[in-house]
Amino acid sequence: MLLGKYWKENLENIKRLLEKIYSDLPGKTIFIITHRNADPDAIASAIALHEILSKVKIKSYILLPEGMNEISKQVMEKLGLSDKYRYNIIDLRKGEKILINTDILIIVDTNNPEQLGLLAHYVFDKPFILIDHHQPGKLWRKASMIISDNNARSTSEIVTNIALLSGLGLPRSISTLLLSGILYDTRRFIYATEKTFLTVYRLISSLGADYLKAQSVLQHEMSIPERIARLKAAQRIVIKKINELIIAYSHVSAYESSCARAILELGADAVFIVSRHKEKIRIVGRAKQSFIKITGISLGRDLMPYLGGLLGGSGGGHDTAGVVEATAKYDFKRIINIVHKALEKMILSSSKQAL
Ligand SMILES: [Mn+2]
């Protein structure tokens, strides 16, 4: 079998799971639980498992602590699944007592109870099966069965292999949903392993997943105001250079981070978007990874806190993304001069600079 060498390590576990499903679970009610704010990988894994269970007449419900995220809602809607699963998916905002009504839980795509939101303190009261691709976490110690896989980069891959091994098949839309889950967690295959591709091959050829559809349902659709903000930001760009680095400045009144991403995409090494929010000004900064490498300057650690001090506010963030909020007067030209001078000084005095 094509996947032979990869399946071996996990084959026995999946077989045990299927045996358990066939022998112990009929007649019982199962809750499938994902992490809070469920992403497409979590949702896809839960729904595919629900389908596999229902094929052998096992009743299950999907419990979502604090609902699903925006992209999951879009994926479900576009695959025409939102209505279909309306009665099987429980969006849990309160009422963790619901767990009393179950015999066994299946927890997917989660390694720590903290990620279960308001169910965190209740899951240990019931036996549970864990199906997950993350590093071993606190849930591992209490799980009555663990289906994991070092070569899987998403839970959807593991569930695909469960579906393949069960020989039960899946509806085309659910196979496509699983493929969206894999695409989402691997960031369109950036983090894929050799096994990911083999699993996807089987998901498409044996289970009928539609690759183009799985891609398109993940596509973020921008609203008209967001697109206009991006175009305006592009129109107002002020370009400056520090040696070989291109620094762009612009101003908009909303969608600052989306505008910043767009301008990086256009070719800037770093970008700063200035906006006014009532009495305050905000500067959203974004830089390419290469900018951090060349300059040794982290926006969140070095530049933004410094600018926050200069402008009478505060700043912070991560290496490539930072923000300053301050009470300074809104004057675009003056602000970009302050930012640029500070940046220039930092870059030119940075010991790591290799310009
Ligand atoms: Mn995942």
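Structure: see above.
Below or above, wherever it landed, is the structure these notes cover. Keep in mind that what you see is a predicted model, and the values were worked out from it rather than measured.

1. Section: the sheet that holds strand 3 (residues 89-92)
Consideration 1: A sheet is described by the order of its strands in space; here six strands give the open sequence 3-2-1-4-5-6, paired in parallel fashion. In the strand order of this sheet, the two ends are held by strand 3 and strand 6 (145-147), each with one partner. Each neighbouring strand pair of the sheet contributes to a mean axis angle of 20°, computed without reference to strand direction.
Consideration 2: Judged from the four bridges that link them, strand 4 (residues 104-108) and strand 5 (residues 128-131) form a sheet pairing that is parallel. Note that in strand 5 the partner of Ile106 across the bridge is Ile129.

2. Examining the sheet that holds strand 10 (residues 280-287)
Consideration 1: In spatial order, the strands read 7-8-9-10-12-11; together these six strands make up an open sheet with mixed pairing. The open sheet has two edge strands, strand 7 (238-242) and strand 11 (313-317), and neither has a second partner. Between one strand axis and the next, the sheet turns through 15° on average, direction left out of account.
Consideration 2: As paired strands, strand 11 and strand 12 (residues 321-326) are joined by five bridges and run antiparallel to one another. Bridged to Gly313 within strand 12 is Ala326.
Consideration 3: Across the sheet, helix 13 (residues 332-349) lies against strand 7, strand 8 (245-251), strand 9 (270-277) and strand 10, angled at about 20° from strand 7, the strand it touches most.

3. What about the coordination of the manganese ion?
Consideration 1: Here the manganese ion is held by the protein donor atoms Asp41 (OD), Asp109 (OD), His133 (NE2) and Asp185 (OD), which lie 2.1 to 2.4 Å from it.
Consideration 2: Along the chain, the residues that donate to the manganese ion are spaced as D-x67-D-x23-H-x51-D. Of this pair, Asp109 sits in the loop between strand 4 and strand 5 while Asp185 sits in helix 6 (residues 172-185), and the two are 76 residues apart along the sequence.
Consideration 3: A relative accessible area of 1% means that Asp109 is categorised as buried.

4. Observations concerning the environment of Ile131
Consideration 1: Mapped onto the elements, Ile131 comes out in strand 5.
Consideration 2: Placed 27 residues apart in sequence, Ile131 and Ile158 show a C-alpha to C-alpha distance of 7.7 Å.
Consideration 3: In this view, Ile131 contacts Leu17, Leu49, Ile106, Ile107, Val108, Asp109, Ile147, Thr155, Ile158, Val159 and Ile162; residues no more than four positions away in its chain are not counted.

5. Things to note about the pairing of strand 10
Consideration 1: Across the eight residues of strand 10, six count as buried, placing the element largely inside the fold.
Consideration 2: Alignment of strand 9 against strand 10, held across eight bridges, turns out to be antiparallel. Bridge pairing in strand 10 places Ile273 opposite Val284.
Consideration 3: What sits between strand 9 and strand 10 in their antiparallel hairpin is a turn of two residues, with Lys278 showing a positive phi close to 55°.
Consideration 4: Bridge analysis of strand 10 against strand 12 gives six bridges, and the strand direction is antiparallel. Counterpart to Arg282 in the pairing with strand 12 is Glu325.

Cut-offs and rules
Residues numbered from 1 in each chain as written. Predicted model: local features only at pLDDT ≥ 70, side-chain atom pairs only at ≥ 80, totals over all residues. Heavy atoms only, no water. Pairing = 2+ DSSP bridges. Helix = DSSP H or I, 4+ residues; strand = E, 2+ residues; numbered from the N terminus. Axes fitted to C-alpha atoms, helices over the stretch in contact; angles between N-to-C directions. Contact = heavy atoms within 4.5 Å. Donors = N, O, S within 2.8 Å, 3.2 Å for Na, K, Ca; no water. Buried < 20%, exposed > 50% of the residue type's maximum accessible area, 1.4 Å probe, protein only.

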